[in-house]
Amino acid sequence: KGTETNKKEDLLIKDRKYMWHHMSKHNENPMIFVSGKDSWIEDVDGENYIDGMSGLWCVNVGHGRKEIAEVAASQMGTLAYSPMSQSHIPGIELADKINEWLEGEYRIFYSNSGSDANEVAFKIARQYFAQNGQSTRYKFISRYRGYHGNSIGAMAATGQAIRKSLYGPAPDGFKHVPPPYCYRCPFGKEPSSCQLECVSTIRDTIEWEGAETVAGIILEPTITGGGLIIPPKEYVTKVRELCDEYGILMIVDEVICGFGRSGEKFGHQNFQVKPDIVTMAKGLTSAYAPLSITAVRADLYNSFKDNSGQNHFRHVNTFGGNPVSCAVALKNIEILENENLVERARELGRQIERKLQRLEHYKVVGDIRVFGFAAGIELVEDKRSKKPLSDEKMMKVLSVCKENHVILGKNGDTVPGHNNIITISPPFVLTDEELEKVVASLECGLMAIESE
Ligand code: PMP
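Every value quoted in this text rests on a predicted model; they were computed, and no experiment measured them. (Residues numbered from 1 in each chain as written. Predicted model: local features only at pLDDT ≥ 70, side-chain atom pairs only at ≥ 80, totals over all residues.)

K.L.:
Describe the domain arrangement of the protein, with residues and values.
P.N.:
You can read the domains of the protein as domain 1 (31–61 + 340–450) and domain 2 (67–338). Centre-to-centre separation of domain 1 and domain 2, based on C-alpha positions: 26 Å. Contacts between the two partners involve 31 residues from domain 1, matched on the other side by 29 residues from domain 2. Looking at the side of domain 1 that touches domain 2, the elements with two or more residues in it are α2 (54–57), α12 (341–356), β11 (365–371), β12 (374–379) and β15 (421–424). For the side of domain 1 that touches domain 2, the element with the most residues is α12, which contributes five residues. Among the residues forming the side of domain 1 that touches domain 2, the class breakdown is 14 nonpolar, eleven polar and six charged. (Domains from an automatic or database assignment. Contact = placed C-beta atoms within 7 Å. Helix = DSSP H or I, 4+ residues; strand = E, 2+ residues; numbered from the N terminus. Nonpolar A, V, L, I, M, F, W, Y, C, P; charged D, E, K, R; others polar.)

Shown next as structure tokens:
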């Protein structure tokens, strides 16, 4: 144990000296993970934790999948790379499989990250209109609280002020509308008086901007990272209708909702809509390899061709569609299919929804939301004022969970003092007993702050 401790100290010294961690606050005392198996991850001290967030909502098939490691090694030994100006077998097979999962006809453009995939979507949308005699259409509408990535365009589409405040000016043409946030309805409505003002505000924005200037609306089927904000049932369908009415492209960001997290193959399938463009990453490979996809309605692709049949989309991505990543994605999807993990995610979602009911009576529990196998528990100082629970108390809840060997997340709109939503999105291989442990750990966290 002594040498282990020394090893950890050595690692931490180097970490503090050389690492620049993600997220806004530098973590001086990070957990250092060394291995993972199923829903568990082990740190350098040999402590095991349930990965209650699947990393960053991505390790859907669980950790330590030998069959994925094998397929990656085998592909790496066969063909590790070839650019996507040409083609390769895993890339073709994956494009075929994604079409099957999307139940439509889409062209598949590969990149490396969710941010990339959304940037590609924006560029494709703009070019599509530019070469179809509608070059005035360049704007995108998205929702406050929604997250779409960290690159300049994707960040501009993101509706979380703090993420862009230091990095402006944002590119022109990104407009935001209030989200369908029923617990804190931006329009002051109750479910009984709701007239889907969250939809009419999109119409107003389109009208105000001029429909002839709007290229796309980008949305997640449910806002995940912004605090698990689940829209009213008709919302997504109504957005589709607005897009049709005004000739605007509907871009659905499935980076988190896709690949089973929503309880369906893709989140939008819960609402029976067909998007024009779908972006995906994370769960596409369960994060075993970097890969993302921008899936574009086939007829949009066809209209990119000029008289000589050439498609002039000016976008190259060196690593995008790497054969190893594509082979990993194929194996990941095979696992989801063979082990019925989408159905299991749906079932786990039903179970967690039932279990979370027992937390309703805690004073700090303002709202409990479950979408597929993702849960958001909104914590407040008291139920009446709905004042968001302080960052300090949020940290306390999470640290009690950690003491109980469960890692959960917190989300919100990322402004200090508004990160008051506990998020839970474990791998789909979680057992019933492990699910109980997750909920029990959260309950301990709630008890700890209520007894203070
Ligand atoms: N869209 C959504 C909905 C996301 O949650 C994320 C990442 N959290 C992204 C896009 C960006 O993905 P990446 O981090 O792979 O760039």
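K.L.:
Describe in detail the site of the ligand, supporting the description with residues and values.
P.N.:
As a structural note, the neighbourhood of the ligand is formed by 16 residues, with S113, G114, S115, G149 and V255 the closest of them. Here the element with the most residues in the shell around the ligand is helix α5 (residues 114–130); it accounts for three residues. (Near = placed C-beta within 6 Å.)

K.L.:
Describe in detail the sheet that holds strand β4 (residues 106–111), supporting the description with residues and values.
P.N.:
Strand order in this open sheet of seven strands is β4-β10-β9-β8-β7-β5-β6, and the pairing throughout is mixed. Edge strands, defined here as strands with exactly one partner in the open sheet, are β4 and β6 (174–177). The sheet shows a mean angle of 20 degrees between the axes of neighbouring strands, taken without regard to direction. Most of the contacts of helix α4 (residues 89–102) go to β4, to which it runs at about 125 degrees, and overall it touches β4, β9 (277–280) and β10 (292–297). (Pairing = 2+ DSSP bridges. Axes fitted to C-alpha atoms, helices over the stretch in contact; angles between N-to-C directions.)

K.L.:
Give a detailed account of the packing of helix α8 (residues 197–209) against helix α9 (residues 235–246), specifying residues and quantitative values.
P.N.:
Between α8 and α9, the shortest axis-to-axis distance is 10 Å and the interhelical angle comes to 20 degrees. Relative to α9, the element α8 is oriented roughly parallel. In the packing of α8 onto α9, the handedness of the crossing is right-handed. Touching C198, V199, I202, R203 and I206 of α8 are Y235, K238, V239, L242 and Y246, all from α9. (Parallel < 35°, antiparallel > 145°, perpendicular 65-115°, else oblique. Left-handed = near helix turned anticlockwise from the far one by under 90°.)

K.L.:
Explain the confidence of the model for the protein to me, and be specific about the residues and the numbers.
P.N.:
Averaged over all residues, the pLDDT of the protein equals 95, while 99% of them reach at least 70. Element-level pLDDT for the protein is lowest in helix α7 (residues 161–164), with a mean of 83, against a maximum mean of 99 in strand β8 (residues 249–253). ipTM for the predicted complex: 0.99, alongside a pTM of 0.97. (pLDDT = per-residue confidence, 0-100.)

K.L.:
Residue-level account of the packing of α12 against helix α14 (residues 432–450), with values.
P.N.:
Two numbers describe how α12 lies on α14: the axes approach to 11 Å, and their chain directions differ by 35 degrees. Read as a crossing pair, α12 and α14 show a hand that is right-handed. Every residue of α14 that contacts α12 at L348, Q351, I352, K355 and L356 is listed here: D432, L435 and V439.

K.L.:
Describe the sheet that holds β12, and please don't skip the residues or the numbers.
P.N.:
Spatial strand order, β11-β12-β15-β14: four strands in an open sheet with antiparallel pairing. The outermost strands of the open sheet, each flanked by one partner alone, are β11 and β14 (409–411). Going across the sheet, the axis of each strand differs from the next one's by a mean of 25 degrees, ignoring polarity. With three bridges joining them, β14 and β15 adopt antiparallel strand pairing. Bridging from a neighbouring strand, K410 pairs with I422 of β15. Sheet contacts for α12: β11, β12 and β15; angle to β11, the most-contacted strand, approximately 165 degrees.

K.L.:
Any details on the pairing of β11? Residues and values, ideally.
P.N.:
Counting buried positions over the seven residues of β11 gives five, a clear majority of the element. One ladder, built from six bridges, connects β11 with β12; its direction is antiparallel. The partner of R369 across the bridge, within β12, is G376. (Buried ≥ 20, exposed ≤ 12 C-beta atoms within 10 Å, placed from the backbone.)

K.L.:
How would you summarise unusual backbone geometry if you had to cite specific residues and measurements?
P.N.:
Omega for the bond connecting G168 with P169 falls within 30 degrees of zero, at 0 degrees, which places this linkage in the cis form. Its place among the elements puts P169 in the loop between α7 and β6. Its identity as a non-glycine residue notwithstanding, H405 has a phi of 65 degrees, on the positive side. Structurally, H405 is set in the loop between α13 (391–403) and β13 (406–407).

K.L.:
Can you explain the pairing of strand β7 (residues 214–219)? Please cite residues and give values.
P.N.:
Most of β7 sits inside the fold, with six of its six residues counted as buried. In the classification by handedness, the crossover that spans β7, the intervening α9 and the parallel β8 is right-handed. (Right-handed = clockwise from strand over helix to strand, strands pointing away.)

K.L.:
How would you explain the environment of L356 if you had to name every residue and give the values?
P.N.:
You can see L356 is positioned in helix α12. Distance in space between the C-alpha atoms of L356 and R369 is 9.3 Å, their sequence separation being 13 residues. The contact partners of L356, leaving out residues within four places of it in the chain, are I368, V370, A375, I377 and V439.

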